[in-house]
Amino acid sequence: MIIAANLKTNLTRKETNEYLKEIESFVTSKNLTQEVLVFPAMSSLDHNDTSIIVGAQNAYATRDGAFTGEIGLVHLEEFAIKTVLIGHSERRHILGETQEELVKKFNYYKELGFKIVYCVGEPLDKREAGKSEMMEYITSQYAGIDTEYENLIIAYEPVWAIGTGLTPSLEDIEDIHTALKAKSTAPILYGGSVKVTNAKEVLALKNVDGILVGSAALYGEHFCSMIAFAQELEVQ
Ligand code: PGA
């Protein structure tokens, strides 16, 4: 399974390096074979000599150039980063990224063969509008995206569940993941208030191929337990 940590705007470079060491030593000492991804803050990217896959939370669709405040391919190449998160709801809704901009990024990094974790998910008003409107909204976030790209991972993250402690019911998660599997055969991670207390039951659901964890992943120990849960489920 794929267990991913989105560190968002947290942890300095020094703290991130310590974090990565903690996670790697746990994974190695327990011989865990799960795919572990960590997305540090931009300025915390570094030359990490680690078996953990380190990705960027965002990158502009350019090699370099005049795009103040953005980073491009050269900045990722400096640290041998080949994984990028695209379309996180905080980028869509707080930073105002449009589907069109996300598609540009997607295509740019796809051409370069990057592993892309592409996020989709509905805000509360769409969820409350009923299932068909909600699915229509999520479907619109697939527009322009090559859903059969071989290095694609989808993350389904309901916006109202992110950082709130609220989650859809397990049945709901399974239902939506199953519907999304019909759109793409890519692995699908669930994200939104995954904690050490609910990770195992979420990971056990059909069509859930992993998790994308924000706040709870900041506790290295908790994130490690989630990786171990995935391993336990796989050997069962
Ligand atoms: P959360 O964030 O785990 O804090 O809800 C998840 C995410 O934004 O990826």
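Residues numbered from 1 in each chain as written. Predicted model: local features only at pLDDT ≥ 70, side-chain atom pairs only at ≥ 80, totals over all residues. Heavy atoms only, no water.

Within helix H6 (residues 131-140) the residues assigned to the buried category are Met134, Met135, Tyr137 and Ile138. The arc enclosing the buried residues of H6, seen along the axis, measures out at 155°, which places them on a common side. More than 90 degrees from the buried face of H6, the exposed residues found are Ser132 and Glu136. Buried residues belonging to H6 abut helix H3 (89-94), strand E5 (115-120), helix H5 (124-128), strand E6 (152-156) and helix H7 (170-181). (Buried < 20%, exposed > 50% of the residue type's maximum accessible area, 1.4 Å probe, protein only. Helix = DSSP H or I, 4+ residues; strand = E, 2+ residues; numbered from the N terminus. Arc of directions from axis to C-beta. Contact = heavy atoms within 4.5 Å.)

Another point: the environment of Pro158. In this structure, Pro158 sits in the loop between E6 and H7. Excluding its chain neighbours within four sequence positions, the residues that come into contact with Pro158 are Gly121, Glu122, Pro168, Tyr190 and Gly191.

All right, on to the nonpolar core then. Ile23, Ile116, Tyr118, Ile138, Leu180, Ile211 and Phe223 are the most contacted members of the largest nonpolar core, which has 63 residues in total. Counting residues per element, this core draws most heavily on helix H9 (residues 220-235), which supplies seven residues. Setting aside residues no more than four positions away along its own chain, Ile211 makes contact with Ile2, Ile3, Ala4, Leu189, Tyr190, Val194, Ala199, Val202, Leu203 and Met226. Membership of the second largest hydrophobic core comes to 11 residues, among which are Ile2, Leu85, Val117 and Ile153. (Core = buried A, V, L, I, M, F, W, Y, C linked by side-chain atoms within 4.5 Å.)

All right, on to the sheet that holds strand E8 (residues 210-213) then. Reading across from one edge, E3-E2-E1-E8-E7-E6-E5-E4 is the order of the eight strands in this open sheet, with parallel pairing throughout. Each edge of the open sheet carries a strand with a single partner, namely strand E3 (53-54) and strand E4 (83-86). In this structure, strand E1 (residues 2-6) lies alongside E8, joined through four bridges in parallel fashion. Counterpart to Ile3 in the pairing with E8 is Ile211. Taken strand by strand, helix H4 (residues 99-111) contacts E4, E5 and E6, and its axis lies near 160° from that of E5. (Pairing = 2+ DSSP bridges. Axes fitted to C-alpha atoms, helices over the stretch in contact; angles between N-to-C directions.)

So, on to the packing of aromatic side chains. Counted according to the given criterion, the structure contains seven aromatic pairs. Taken together, a centroid distance of 4.6 Å and an interplanar angle of 40° make the contact between Tyr60 and Phe67 tilted. Ring geometry for Phe106 and Tyr149: centres 6.1 Å apart, planes at 75°, overall edge-to-face. Residue Phe106 is found in helix H4, and its partner Tyr149 is found in the loop between H6 and E6; the two are separated by 43 residues along the sequence. (Phe/Tyr/Trp six-rings, centres within 6.5 Å; stacked < 30°, edge-to-face > 60°.)

Before going further, it helps to spend a moment on the site of the ligand. Residues in contact with the ligand amount to 13 residues; listed here are only the nearest, Lys8, His88, Glu157, Gly163 and Ser215. Within the contact set of the ligand, an oxygen atom lies 2.7 Å away from a side-chain nitrogen or oxygen of His88. Protein chains bury 99% of the 280 Å² of accessible surface belonging to the ligand in isolation. In terms of residue class, the shell around the ligand is made up of four nonpolar, seven polar and two charged. (Near = heavy atom within 4 Å. Polar contact = N/O pair within 3.5 Å; in protein donor to acceptor, adjacent residues only side chain to side chain. Areas by Shrake-Rupley, 256 points an atom, 1.4 Å probe, with all protein chains shown as cover. Nonpolar A, V, L, I, M, F, W, Y, C, P; charged D, E, K, R; others polar.)

Following the criterion strictly, the structure yields 13 salt bridges and no others. Linking Lys126 and Glu133 is a salt bridge whose minimum nitrogen-to-oxygen distance equals 3.9 Å. Classification of Lys126 by relative accessible area gives partly exposed; the value is 23%. Overall, Glu133 belongs to the partly exposed group, its relative accessible area being 37%. Glu232 is paired through a salt bridge with Lys200; the nearest N and O atoms lie 2.6 Å apart. Placement of the pair is Glu232 in helix H9 and Lys200 in helix H8 (residues 199-203), with a sequence separation of 32 residues. Residue Glu232 is classed as partly exposed on the basis of its relative accessible area of 36%. (Salt bridge = Lys/Arg side-chain N within 4 Å of Asp/Glu carboxyl O.)

The backbone of Leu11 sits at a positive phi, close to 65°, despite the residue not being glycine. Mapped onto the elements, Leu11 comes out in the loop between E1 and helix H1 (13-29). Look at Leu11 and you get partly exposed, because its relative accessible area is 24%. Backbone geometry at Ser193 places phi at a positive 55°, although glycine is not the residue there. Tracing the chain through its elements places Ser193 in the loop between strand E7 (188-191) and H8.

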